[in-house]
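Working through the structure, step by step
Chain by chain, the residues run as shown.
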Amino acid sequence: MHQCQLLYVQQAWMFSLRLRSPSARIMFSVSCLLLALLCCSSKSFFLYICRPLIGGRIVLTKFGYPSERLLRLAEPKKYLPAFLEKRSRVSPEWPVSLAAQNYNPSKRILELARPKRLHPDFMPPREASMPSPKVVASPRTIELAKPKQLPSKFRPPRDPEWPVTEAAKRAVATPRILELAQPTSRPRMGLTAFNSDAFRVKQAALKAVCSQRLEELARPVRR
């Protein structure tokens with residue numbers, strides 16, 4: 001038997017033995033698995049079963065079993081002694097007081113406790129009567145029952161693949177078609193086309209003198 005099969009059978013059998021009282025469902029699942037491993041010789045089946053071996057991974061010895069860390073985290077949270085001392089009742093069920101047992105409800109409470117009545121105009125749904133076997137459909141009903149038909153000029157969609165004609169194979173492109181087929185030339189926007197003098201201030205702008213109007217417009221708005 002293949003090594004992968006032996007390891008998987010050993011893991012399944014050890015899992016069933018570790019349980020103190022395995023149920024009938026677990027025993028039935030293990031027996032079916034053993035029978036499938038013994039009878040089936042398909043390569044794809046064992047590759048699916050032995051997924052931990054795919055990619056060169058080593059089969060874990062405790063694969064499928066909870067670790068000690070998970071078992072410790074799965075334990076229920078314990079109550080603190082201070083909480084138990086302050087708790088007024090030990091059980092969530094508590095006895096009903098004598099005042100609540102001897103209480104007489106008022107007329108308003110009895111009125112609100114009554115179930116809601118149906119509306120006086122309420123009518124229950126009527127039962128649908130069975131059609132008579134002698135009923136004959138009218139010509140208008142027969143006309144409306146006909147399925148929608150396609151128009152006379154309707155054509156089904158053309159097949160996306162069709163044979164190329166001989167004339168198209170022998171065709172020669174004209175100079176105009178070749179000119180239109182060329183891609184549009186656009187200026188490059190990379191680092192090679194970067195102009196280092198694009199943001200340099202001109203000498204005339206450096207020697208410019210601001211007028212009184214520009215100084216007035218450059219002042220911030222007072223609010």
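Keep in mind that what you see is a predicted model, and the values were worked out from it rather than measured.

When helices and strands are counted, the chain shows 12 helices and zero strands. The secondary structure elements of the chain, listed N-terminal to C-terminal, are α-α-α-α-α-α-α-α-α-α-α-α. The burial tally for the chain puts 6% of its 223 residues in the buried class. Per element, the accessible surface of the chain, about 23,700 Å² overall, is 61% carbon and sulfur.

The final tally for this structure, using the stated rule, is five salt bridges. Ionic pairing is found between Glu111 and Arg108, a salt bridge with its closest N-O pair at 3.7 Å. Taken together, the positions of Glu111 and Arg108, both in helix H7 (residues 107-113) and three residues apart, correspond to about one turn of that helix. Glu166 is the partner of Lys169 in a salt bridge, and the nearest nitrogen-oxygen pair spans 4.0 Å. Residue Lys169 and its partner Glu166 are located together in helix H9 (residues 166-170), separated by three residues, close to a single helical turn.

A cluster of nonpolar side chains, namely Tyr79, Leu80, Phe83 and Leu84, defines an oily patch on the protein surface of about 450 Å² accessible area. Following the sequence through the fold, Tyr79 ends up in the loop between helix H4 (68-73) and helix H5 (81-86). Here Tyr79 falls in the exposed class, since its relative accessible area comes to 57%.

For the coordinates displayed, the defined rule picks out zero aromatic pairs. One cation-aromatic arrangement involves Arg158 over Trp162; the distance from NZ or CZ to the ring centre is 3.8 Å.

To continue, consider the confidence of the model for the chain. When the pLDDT values of the chain are averaged, the result is 76; 70% of them are 70 or greater. Looking over the chain, one finds the lowest element-wise mean pLDDT in helix H3 (residues 43-49), namely 49, and the highest in helix H10 (residues 175-181), namely 93. Ignoring residues within four places in sequence, the model shows residues 50-60, a span with pLDDT below 50, making nine contacts including any to other chains.

Calculation notes
- Residues numbered from 1 in each chain as written.
- Predicted model: local features only at pLDDT ≥ 70, side-chain atom pairs only at ≥ 80, totals over all residues.
- Heavy atoms only, no water.
- Helix = DSSP H or I, 4+ residues; strand = E, 2+ residues; numbered from the N terminus.
- Buried < 20%, exposed > 50% of the residue type's maximum accessible area, 1.4 Å probe, protein only.
- Areas by Shrake-Rupley, 256 points an atom, 1.4 Å probe, with all protein chains shown as cover.
- Salt bridge = Lys/Arg side-chain N within 4 Å of Asp/Glu carboxyl O.
- Patch = residues over 30% accessible without salt bridge, like charges linked within 9 Å, V, L, I, M, F, W, Y side chains within 5 Å.
- Phe/Tyr/Trp six-rings, centres within 6.5 Å; stacked < 30°, edge-to-face > 60°.
- Lys NZ or Arg CZ within 6 Å of the ring centre and 35° of its normal.
- pLDDT = per-residue confidence, 0-100.
- Contact = heavy atoms within 4.5 Å.

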